[in-house]
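Here are the chains, one letter per residue:
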Amino acid sequence: MGKRKRNRKKAKTLSAKQSKKNNGHTLSVCLITKNEAEKIETAIRSVLPFADEVVVVDTGSTDDTVEIAKRLGAKIGYFEWCDDFSAARNASLDMATGDWIMWLDADDIIPASEWSKLRELKKTSLDSAFLFKLKNKGTTASVFWQMRMFPNRPEVRFRYPVHEQVSLSIMELGLPIKSVDITVVHTGYTSPEITQKKTVRNSELLRKYLEKHPEDSFCRLYLGRTYLSQGRLEMAARELERAVSDKNLENHQKATFVIALINLGKTYLGLGKTQEAVKVLEKAYGMDSHNANTVVPLAESYNNSDEPEKALDLLNQLEEVHYQPSMNPADPQFLRYMAEFQKAVALAKLSRIEEALYACRRAQRLCSKFDDAANLARLLLSKLRKSPEDIHILERIAKSDMACGDDLYEYGNALVRHGRTGEALKFYEKALKYDSSHEGATRALGLIYRREGRVERSRSLLQKGLDLNPDSDNLICDLADLYFDQEDWQGILNLPYCETALPTRLAARLISGLDDGMEQDIVALFRSLGGDIKDLDAIGITAIWNLAQKLEDPQRFHLAVSCFWIEPSLAGAAEAAVEGYLSRGKTDKAVQVAEKYITHVSGDPLGLRLVSRCYEQLGATDKFTKSQRTTSLGQLKPVLSNSDLKNS
């Protein structure tokens, strides 16, 4: 009980009148709420250190929002919701008694670093209004200037049902507007679903407002921008074109007009209307050339119109000051990323591949959640593979401080192409140190380890790679191939299912007799390769081998081995099995196949040729052991006679 009393006393705020006696000018913080019980306490507590009064106007909460606000000492008002945010905010202004008013959303937070700044700011003369930096936290990381604090005058009113604006009435009063280094953190866009819900609500409210006020270009700009965020580009273009055609907006609200031009330019880019984008963005640049919001999309439009020199010249002039917040919401980190990416695009178009790659890597370091730069870099690296100078360029990139896993991997590939496998191994290992999930480097190292006889190390590496990339068909196939060499049939069947490895799975079942699930694998193989399942009744295992011949190695080799051991008279399977084993350095296995074929098809010259191939690789004096394997057609007969399989 005593604890609750102390909390109430601590939370109680001074009235604006009491505070004025102590501190000079007073500040009222005004909020509107509806069902904000989870956030309202954080918002209010973040303003208590500097606010003299907290006004909360509730628009119909059914949770504990009002009770929490009361407990924290807020002045409570009620407003019947009418689909108009400005009307609700104006009701909160009417209740404020402070000399200054600062408005807040229930999901806003004033960081502790800003409290002393606000205590000083409210002491200033009541003849200006102030823009704060609004930093969105959540699905969007945009930052922009927003009018947040102004003198308490009856003429100052919010306008528009959504994206409510107080700046217009302040400008009409002739009050100077100043930007100050104070940040408000907005946490309202916490998930894509919430963001989508809000944009749908906003577009509907703006559309209804414009039906009654079709001449309002400011509102039309916001509707167009909302449509753009939803990807409704044709509708966005229609609204933004009408906004920029308003001479009053152009002549008297320059900052707003530039925002309209930028958004129209982005819309045109999305629609593929490159020349139209160039035209409107050049106009925006002519009015505001010191903002990355303008420069970056203009550079993109130049690249799209095959004018990379213009794009590069524009981007090279960007300075850090150009990334400062403007009235147009933008993520500064994304703008920096896009500036480097567009620079890479321009350099690539000018065939300056190495410089373009460096620009891609700078972009990736700025922001890793976008993949445009990474994709462009992969394309550029693939072009280098065809160049005689590839190894020299890739060496410089791989040894630079900008190198990433892809660069180290591609240099390793270049070294392999030049017969320098030992050096390549080191760079593949470096690639994995940079990016432990790099699939290409994992596969390349796994192959090298296998060739060097370090099979267990290869298996461990590939398994680790698969753990990090569980959807990688390539790694599943590599592991399946390794297990096939080890004759670990159960290991193959324990791997995650993927269609590419299906022939190897079926081969493991055929050889081992582990036929639980064989029917499904056979049917799946026939369907994936366009075979006729009825062929199994007519020609048995030969039908599977006929399908196998459509495959590439190693899957073709795997089925060749399995089909041969079940039906040793299959000449094509015998030849493919021998050649496959020889290419893997398993001459003893190749000899077993050749001998078995001769035994079952005596007099066929192919048998002698196969034995001869084996002797060539072994050398005349080498000895080998005859196979004792006894796998027979009988293992497959229960499957081939199964009526369910026949009817599949």
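Here the structure is a predicted model, which is why all the values come from computation and not from measurement.

Engineer: An account of helix H10 (residues 233–244) is requested, with residue identities and associated values reported.
Structural biologist: Between its terminal C-alpha atoms H10 stretches 16 Å, which fits the 16 Å expected from 12 residues at 1.5 Å a residue. For H10, the set of buried residues is Leu 233, Ala 236, Ala 237, Glu 239, Leu 240, Ala 243 and Val 244. In this structure, the buried side of H10 is in contact with helix H8 (192–212), helix H9 (217–230), helix H11 (247–252) and helix H12 (254–271).

Engineer: Can you tell me about the packing of aromatic side chains, naming the residues and giving the values?
Structural biologist: A complete count under the given rule lists 17 aromatic pairs for this structure. Relative to Tyr 222, the ring of Phe 218 has its centre 5.3 Å away and its plane inclined at 45°; by these criteria the two rings are tilted. Taken as a pair, Phe 218 and Tyr 222 lie in helix H9 at a separation of four residues, close to a single helical turn. On the basis of relative accessible area, Tyr 222 is assigned to the buried category, the value being 13%. A centroid spacing of 4.7 Å and a plane angle of 85° characterise the contact between Tyr 411 and Phe 427, whose relative ring orientation is edge-to-face. Pair noted here: Tyr 411 is in helix H20 (residues 405–417) and Phe 427 is in helix H21 (residues 421–434), with a separation of 16 residues, a long-range link.

Engineer: Give me the pattern of salt bridges: which residues, what numbers.
Structural biologist: Evaluated as defined, the whole model comprises 44 salt bridges. The salt bridge involving Arg 45 is made with Glu 41; its shortest N-O contact spans 3.0 Å. Highlighted residues: Arg 45 and Glu 41, both in helix H3 (residues 40–45), separated by four residues, approximately one helical turn. According to the relative accessible area criterion, Arg 45 is partly exposed, its value standing at 39%. Arg 207 is paired through a salt bridge with Glu 204; the nearest N and O atoms lie 2.5 Å apart. With Arg 207 and Glu 204 both in helix H8 and three residues apart, the pair spans about one turn of that helix. Residue classification places Glu 204 among the partly exposed residues on the basis of a relative accessible area of 32%. When salt bridges that share partners are traced, they join Glu 114, Lys 117, Lys 133 and Asp 181 into one network.

Engineer: Tell me about the nonpolar core, residues and numbers included.
Structural biologist: Counting residues in each nonpolar core, the largest one holds 115 residues, and the members touching the most others are Phe 150, Ile 170, Leu 318, Leu 357 and Leu 380. The leading source of residues in this core is helix H16 (residues 332–349), at 10 residues. Leu 475, Leu 493, Leu 529 and Leu 570 belong to the second-largest nonpolar core, a separate cluster that totals 62 residues.

Engineer: Now, about the pairing of strand S8 (residues 177–186): what can you tell me, with residues and values included?
Structural biologist: Residues in a regular strand project their side chains so that they alternate between the two faces of the sheet. Across two bridges, strand S5 (residues 108–109) lies against S8 in antiparallel orientation. When the sheet's bridge partners are listed, Ile 109 is paired in S8 with Val 185. Where strand S6 (residues 129–136) lies against S8, seven bridges are found, and the strand directions are parallel. Of the residues in S8, the one forming a bridge with Leu 134 is Val 184.

Engineer: Which residues make up unusual backbone geometry, and what values do they have?
Structural biologist: The omega torsion of the bond from Asp 553 to Pro 554 falls at 10°, within 30 degrees of zero and hence cis. Relative to the helices and strands, Pro 554 is located in the loop between helix H29 (541–548) and helix H30 (555–566). In this model, His 163 sits at a positive phi of 55°, which is unusual for a non-glycine residue. Owing to a relative accessible area of 24%, His 163 belongs among the partly exposed residues under this scheme.

Engineer: Requested: an account of the packing of helix H13 (residues 274–287) against helix H14 (residues 292–304), with residues and values cited.
Structural biologist: As a packed pair, H13 and H14 sit with axes 9 Å apart at the nearest point and diverge in direction by 150°. Viewed along their axes, H13 and H14 adopt a mutual orientation that is roughly antiparallel. As for how H13 packs across H14, the hand of that crossing is left-handed. Counted together, Thr 274, Ala 277, Val 278, Leu 281, Glu 282, Ala 284 and Tyr 285 of H13 and Thr 294, Val 295, Pro 297, Leu 298, Ser 301, Tyr 302 and Asn 304 of H14 form the full contact between these two elements.

Engineer: A description of the sheet that holds strand S4 (residues 100–105) should follow, citing residues and the corresponding values.
Structural biologist: An order of S3-S2-S1-S4-S7-S6-S8-S5 is seen for the eight strands of this open sheet, with the pairing classed as mixed. In this open sheet, the two strands that pair with only one neighbour each are strand S3 (75–78) and S5. Pairing analysis gives six bridges linking strand S1 (residues 27–33) to S4, with the strands arranged parallel. Note on S4: the bridge partner recorded for Ser 28 is Ile 101.

Engineer: Provide a residue-level description of the pairing of S1, including the pertinent values.
Structural biologist: Within S1, seven of the seven residues are buried, which leaves the element mostly enclosed by the surrounding structure. Burial along S1 is two-sided: the residues Leu 27, Val 29, Leu 31 and Thr 33 and Ser 28, Cys 30 and Ile 32 are all buried. Note: S1 against strand S2 (residues 53–58), six bridges, orientation parallel. Note that in S2 the partner of Leu 31 across the bridge is Val 56. Crossover S1 to S2 through H3 is right-handed.

Engineer: Describe the confidence of the model for the protein chain, naming the residues involved and giving the relevant values.
Structural biologist: The predicted model of the protein chain averages 89 in pLDDT, with 92% of residues at 70 or higher. When the criterion is pLDDT under 50, residues 1–14 qualifies, and its contacts beyond four places in sequence or with other chains add up to 11 contacts. Counted against residues more than four places away or in other chains, residues 620–648, with its pLDDT under 50, gives 49 contacts.

Calculation criteria
- Residues numbered from 1 in each chain as written.
- Predicted model: local features only at pLDDT ≥ 70, side-chain atom pairs only at ≥ 80, totals over all residues.
- Heavy atoms only, no water.
- Helix = DSSP H or I, 4+ residues; strand = E, 2+ residues; numbered from the N terminus.
- Expected span 1.5 Å × (residues − 1).
- Buried < 20%, exposed > 50% of the residue type's maximum accessible area, 1.4 Å probe, protein only.
- Contact = heavy atoms within 4.5 Å.
- Phe/Tyr/Trp six-rings, centres within 6.5 Å; stacked < 30°, edge-to-face > 60°.
- Salt bridge = Lys/Arg side-chain N within 4 Å of Asp/Glu carboxyl O.
- Core = buried A, V, L, I, M, F, W, Y, C linked by side-chain atoms within 4.5 Å.
- Pairing = 2+ DSSP bridges.
- Axes fitted to C-alpha atoms, helices over the stretch in contact; angles between N-to-C directions.
- Parallel < 35°, antiparallel > 145°, perpendicular 65-115°, else oblique.
- Left-handed = near helix turned anticlockwise from the far one by under 90°.
- Right-handed = clockwise from strand over helix to strand, strands pointing away.
- pLDDT = per-residue confidence, 0-100.

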